[in-house]
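Notes for the structure review
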Amino acid sequence: MTELHSYPPHEQWHDWRELDAKAWPAREERRYTLVPTTCFNCEAGCGLVAYFDQETGEIRKIEGNPEHPGSRGRNCAKGPATLNQVYDPERILHPMKRVGERGEGRWERISWDQALDEIGARIRQAIVEDRHNEIMYHVGRPGEDGYTDRVLKAWGVDGHNSHTNICSSNARIGYQSWMGHDRPSSDFANAEVIFLISAHLEAGHYFNPHAQRIMEAQAKGAKVICVDPRLSNTGAKADFWLAPWPGTEPYLLLAIARLLIEDGTWNEDFVRRWTNWETYLQRTRPDLPVEWASVRSALLEEYAEYTPEAAEQKTAIEAGTIRELAELIGAHPTKFASHNWRAAGAGHLGGWQVARCLFFLNVLTGSVATKGGTAGNGMNKFKPAAPIGAPAIPRWNELEWPAEYPLSYHEMSILLPHFLKEGRGSLEVYFSRVYNPIWTNPDGFTWMEALTDTDKVRCHVALTPTWSETAWFADYVLPMGVSVERHDVHSYETHAGRWIGFRQSAFRRFAEIRNGGALDPGTRSHEYNPGEVWEENELWIDLSWRIDPDGSLGIRKWFESEARPGEPVTVDEYYERMFTDSVPGLAKAAADVGQTPLEYMRDRGAYAVPTDPYEPYERPVDRADLEGCTKDGDGVYRKPGTAGSWSGDLDDLDGVALAPLGDGSPAVEIDGEAKEGFPTPSKKLELFSTTLADWGWPEYATPKWIPSQVHWEDLDLAGTERILLPTFRIPTLIHTRSANSKWLNEISHRHPLWIHPEDAEKLGIEEGGLVRVSTRIGHFVITAWRTEGIRPGVVAASHHMGRWRLDEDKARSWGAGKARIEHDGSTWRLTREHGNEPYESSDPDTERIWWNDTGVHQNATFCVQPDPISGMQCWHQKVDVTPAESGDEYGDVVADTAESREAYLEWMAMTRPAAGDLRRPLWYARPLKPTAAAYRRPGP
């Protein structure tokens, strides 16, 4: 009798036998070698295990890794679909170089040596000529922690650009302005009240690990509150689904906050001990004595307008429901878990106040890094130190960090084509890494104009596992690996605990196991992967040697083997040092099972880092550790020579160390005891943000509601104007990378416009009928879906769809239709020629394609709308919704880049550039943080 198991026992992973389900009813046994890795298909980093057929050497299936502390062996559809990406017949398998005009679609296969030599020569010349800021690396979802930052530091290039301001800048600054950490980390599993504002959480941020724990908590009695104008999967499972007017969520939250204070159900002692209430009173109420007794009345007066009745008028959520929620939340102190990501935060001018007002409820209930509460990401995320360092960068790149946005979170990437067009700079080498700005970003035709101009972008290198709209306009297309073809370490704040995941080249590992555990250290992963698919780790090592072959630039030494001087470091050597020296407890855990730390991670794929996740700010700091520090009037201890102790004299910046505040300001005095505190200037939770006040935004220094650019009271709802929500995810898709997954596209391949029947009747929209949605700069044509799962006055379309290709037979995928693009001056038109169709390939399933719809590229009709503080693209659109006009066809996209330029200038005029001596607050996080001296603003 065979015992049933959920997963193969770990000790049998190298030689596992099971019956082939596809051979049933015949009993055919297969022998597998199981190799763990981590998923690369969203930001959760869930564990995967690849099943290698020992007879053929191919991966037969990919399942969850039970050794992974975050995902615990469970995966969404995107993880197992990695198999499709590996064996997709249309994937890029070899380095390609453009031979015609950009966008013409003519390519030649080249060797990796040729690609490295030619690209490396360009970078070397730019560095030698002191044109460092002409080198830029633009990343979508990084899926790794710090490796590429180290590379750019070694090159001396402030060239890290990211997708953050189309994704999460608003939420980040909302959380950061409270606690220094820029993302929440909720202990959902132990919460008693869960408050979610997302689009939607269990299909978005850390989808699978969060969804598991939310459902576990609900099964134990926790109440789930979901705020979303659209009925998401989360809303359908929630105890409360609230559908407010988009952009009014902060008003709702502040009404709840006021009730907690008014009713006396707030955690007064926590707020007294851990907020900067003294500064709050000094800066907002100088008429009151600076004593705790003044705080309650000051808060009630500041938020006097936010009554339940006023909130009902603004948000359309009934006053009685608001009172019920406040009573529920107040009854569960320290057990309130909340989360905001994308959705309301990403949609609106001032959307960062959604996160700031939501976390206000955590502060008022004392549910900050408690069991069942919400911590900061840095309290749970684990990032090991790089075993080979790199120097800080002594320069500042204003193409990414312009003077107009001193508080942006993070780089102003959506403005890059506008900056290039107005002559702020040019690029010698532009890397787009697993990123597709022509399709993903707003104003895609302006991106197309910039990327086809060889004076503005002289060399575009696309690092990508699959063809994309942006890769089509590159000079080099270099095939990067998916999750079973690359090396990375990463960790995410999925729950109250810390872990590290190890993504590895599973094909290389399989060869290593079959070879008795040893491979030639000089081999590269592209020698084992399908075709010549490579990984960035080894790419950057080898490219850096081509940039600095003799070491004269001081670059090569950062990529040299310590064990074998004069040779490049290997991934084995790099990660062995990291796992041995920088991951607490791992060396002992490995020794206990007779392995090295690297062997342990290659065999298990993840490790739970020992930690005490709760209330780290309460940890006492030994007085001996504070020797040499000064204590300021607020009780903050500061180390000399760090940003926290900087005097304000610009000459001092040359000697200032930009250590994290946790190092530069190691403690704060609370009730006479030195405590670890928070990484903020006050070392407390900042009810009053001195940074926002001192950097030009005093009116928003405390949690506030800021009316959105699509506020419903400013719209002609009696006419055709409506609010478009274009940000929600489909949980089975992966932005660009799902286009080469047949399973995922078969499941999800269309995105109709969600419209309430009431609106459909008023506007004359038929079920399944064509709709013209007109934005400020153009329009798109889409089909309608009548549903009561959306608030009247609001329409919505998922942002995953609308993939297209320009060639009939090249750059195919399971999710892209054939289109043509034309333009007459600044007016661009994308016309859908046909959707998906069956065709012959090495995969017989391409002849079984039964779906035609590939969606509509709506993002190209959106102008850039950067929030003046955070820099976040404010995605939600004021649109006119009408039946399609004569001549309109499904999938039509029209946009005017001249009009988009006017919109860009209007939003830029809303900013408040830095007025002091610094470009940016020294304590603010930013990728690739340069030397303190680089923060000096240039003279007139």
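Let me begin by describing the structure that accompanies this report. (Residues numbered from 1 in each chain as written. Predicted model: local features only at pLDDT ≥ 70, side-chain atom pairs only at ≥ 80, totals over all residues. Heavy atoms only, no water.)

This paragraph deals with the environment of Gly644. In this structure, Gly644 sits in the loop between strand S22 (636-638) and helix H24 (661-664). Exposure remark for Gly644: the relative accessible area of 19% places this residue in the buried category. Once the C-alpha coordinates of Gly644 and Ser665 are considered, the two residues, 21 residues apart in sequence, prove to be 6.0 Å apart. (Helix = DSSP H or I, 4+ residues; strand = E, 2+ residues; numbered from the N terminus. Buried < 20%, exposed > 50% of the residue type's maximum accessible area, 1.4 Å probe, protein only.)

Ranked by internal contacts, the top residues of the largest apolar core, which has 71 residues, are Phe195, Ile225, Ile256, Trp266 and Leu685. Looking at which element gives the most residues to this core, the answer is helix H7 (residues 249-263), with 10 residues. Core analysis: the next-biggest nonpolar cluster, separate from the first, contains 66 residues, Val773, Ala811, Phe862 and Met872 among them. (Core = buried A, V, L, I, M, F, W, Y, C linked by side-chain atoms within 4.5 Å.)

On to the packing of aromatic side chains. Overall, the coordinates contain 43 aromatic pairs when judged by the stated rule. Ring geometry for Phe502 against Phe579: centres 5.1 Å apart, planes inclined by 80°, an arrangement best described as edge-to-face. Here Phe502, found in strand S19 (residues 498-505), pairs with Phe579, found in helix H21 (residues 571-581); they are 77 residues apart in sequence, far enough to count as distant. Between Trp697 and Tyr700, the aromatic rings sit 6.2 Å apart at their centres with planes inclined by 15°, giving stacked as the arrangement. Taking relative accessible area as the criterion, Trp697 reaches 6% and is therefore assigned buried. (Phe/Tyr/Trp six-rings, centres within 6.5 Å; stacked < 30°, edge-to-face > 60°.)

A few words on the side chain of Asp603. For Asp603, the location among the structural elements is in helix H23 (residues 597-604). The class of Asp603 is buried, set by a relative accessible area of 11%. Within the local environment of Asp603, its side chain forms a polar contact with the side chain of Gln595, the two groups lying 2.6 Å apart. Leaving out residues up to four positions away in the same chain, Asp603 has contacts with His10, Trp13, His14, Pro36, Arg509 and Gln595. (Polar contact = N/O pair within 3.5 Å; in protein donor to acceptor, adjacent residues only side chain to side chain. Contact = heavy atoms within 4.5 Å.)

With 7 of 8 residues buried, H23 lies mostly within the body of the structure. Buried residues of H23: Pro597, Leu598, Tyr600, Met601, Arg602, Asp603 and Arg604, and no others. In the stretch just after H23, Gly605 is the one whose phi turns positive, near 85°.

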